[in-house]
Amino acid sequence: MNVRFLPTVLASLALVTAPAWTIAAPATPDQPATASMATPRDLAPRLEGFEPRPELRTVHFDFNRARIRAADARILDRNADWLRANSSVMVAIDGGADQRGSVAYNQRLSERRARAVRDYLMARGISADRIVEMGDGERLLACRAMGEACWQKNRRADFLVKDIGKQAP
């Protein structure tokens, strides 16, 4: 087997044989945005056992960039403080992108954003073995309207946590 394709094959097997991801159907573009509609996080493929925590705030990015902005660095500093104080949790960083650009480009951009956040947290003492990163591209839109105010909400990295201290040995 060609080693280059091994991650794809393993991911496919994991989904078929022993799913690590719980997959919910994404919202369709023709669905109206209503107050009762599920949030993007509710529709996300999630690692089993990972949940959002209000203590870990979302960070946002400039258009077509994966660089951490100064205001978002302060948010990440507080997130890192919380993670250091809660050493029994793993964190999943979920990158996102707005609707502009190709699906493939937005997927790669969202992965770069998640990686930038991971690197930032690691530089502040969070161990790499506690961090999972993933990119959702433009699949999990926080806002579906057109315009900069809406697009800004979609250029983000969200956080999910799982308490690994409660697992059986």
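Everything quoted here is computed from the prediction, not taken from an experiment.

J.: Kindly report on the sheet that holds strand β5 (residues 131-135), identifying the contributing residues and their values.
T.: In space, the 4 strands of this open sheet follow the order β3-β6-β4-β5, with mixed pairing throughout. Two strands lie at the open edges of the sheet, namely β3 (59-60) and β5, each paired on one side alone. Relative to β5, strand β4 (residues 89-95) is paired through 5 bridges, and the arrangement is parallel. Bridged to Gly95 within β5 is Gly135. With respect to the sheet, helix α4 (residues 103-123) is in contact with β3, β4, β5 and β6 (156-163), its orientation differing from that of β5 by roughly 160°.

J.: An account of helix α3 (residues 70-85) is requested, with residue identities and associated values reported.
T.: Along its 16 residues, α3 runs 23 Å from first to last C-alpha, staying within 8% of the 22 Å computed at 1.5 Å per residue. Buried within α3 we find Asp72, Ala73, Ile75, Leu76, Asn79, Ala80, Trp82 and Leu83. In this fold, the buried residues of α3 make contact with β3, β4, α4 and β6.

J.: If you had to explain the pairing of β6 to someone new, which residues and values would you point to?
T.: Counting buried positions over the 8 residues of β6 gives 6, a clear majority of the element. As paired strands, β3 and β6 are joined by 2 bridges and run antiparallel to one another. The residue of β6 that forms the bridge with Val59 is Ala157. The sheet contact formed by β4 and β6 spans 7 bridges and is antiparallel. Looking at β6, one finds that Ala92 is bridged to Leu160.

J.: Quick rundown of the pattern of salt bridges? Include the residues and the values.
T.: By the definition in use, this model includes 14 salt bridges. Of the charged contacts, one joins Asp62 and Arg69 as a salt bridge, the two residues approaching to 3.1 Å between their closest N and O atoms. Its relative accessible area of 28% is what places Asp62 among the partly exposed residues. Close ionic contact of Arg124 with Asp77 constitutes a salt bridge, the shortest N to O distance being 3.1 Å. With a gap of 47 residues between them, Arg124 in the loop between α4 and β5 and Asp77 in helix α3 connect regions that are remote in the sequence. Look at Asp77 and you get partly exposed, because its relative accessible area is 30%. Through salt bridges with shared partners, a single network forms among Asp62, Arg67, Arg69 and Asp72.

J.: Before we move on, could you go through the side chain of Arg130 and cite the residues and values that matter?
T.: You can see Arg130 is positioned in the loop between α4 and β5. Of the side chains with opposite charge, Asp129 comes closest to the buried, unpaired Arg130, at an N-O distance of 6.1 Å. For Arg130, the side chain forms a polar contact with the main-chain oxygen of Leu83, separated by 3.0 Å. Sequence-distant contacts of Arg130, that is, excluding residues within four places in its chain, are made with Leu83, Asn86, Ser87, Val89, Met90 and Val91.

J.: Could you give an account of unusual backbone geometry, with specific residues and numbers?
T.: Trans peptide bonds make up most of the peptide bonds, and negative phi angles are found at most residues other than glycine. Unusually for a residue other than glycine, Asn64 sits at a positive phi of about 65°. Here Asn64 is to be found in the loop between β3 and α3.

About the cut-offs
Residues numbered from 1 in each chain as written. Predicted model: local features only at pLDDT ≥ 70, side-chain atom pairs only at ≥ 80, totals over all residues. Heavy atoms only, no water. Pairing = 2+ DSSP bridges. Helix = DSSP H or I, 4+ residues; strand = E, 2+ residues; numbered from the N terminus. Contact = heavy atoms within 4.5 Å. Axes fitted to C-alpha atoms, helices over the stretch in contact; angles between N-to-C directions. Expected span 1.5 Å × (residues − 1). Buried < 20%, exposed > 50% of the residue type's maximum accessible area, 1.4 Å probe, protein only. Salt bridge = Lys/Arg side-chain N within 4 Å of Asp/Glu carboxyl O. Lys, Arg positive; Asp, Glu negative; His and termini not counted. Polar contact = N/O pair within 3.5 Å; in protein donor to acceptor, adjacent residues only side chain to side chain.

From the geometry alone we can't say anything about function, so treat these as descriptive.
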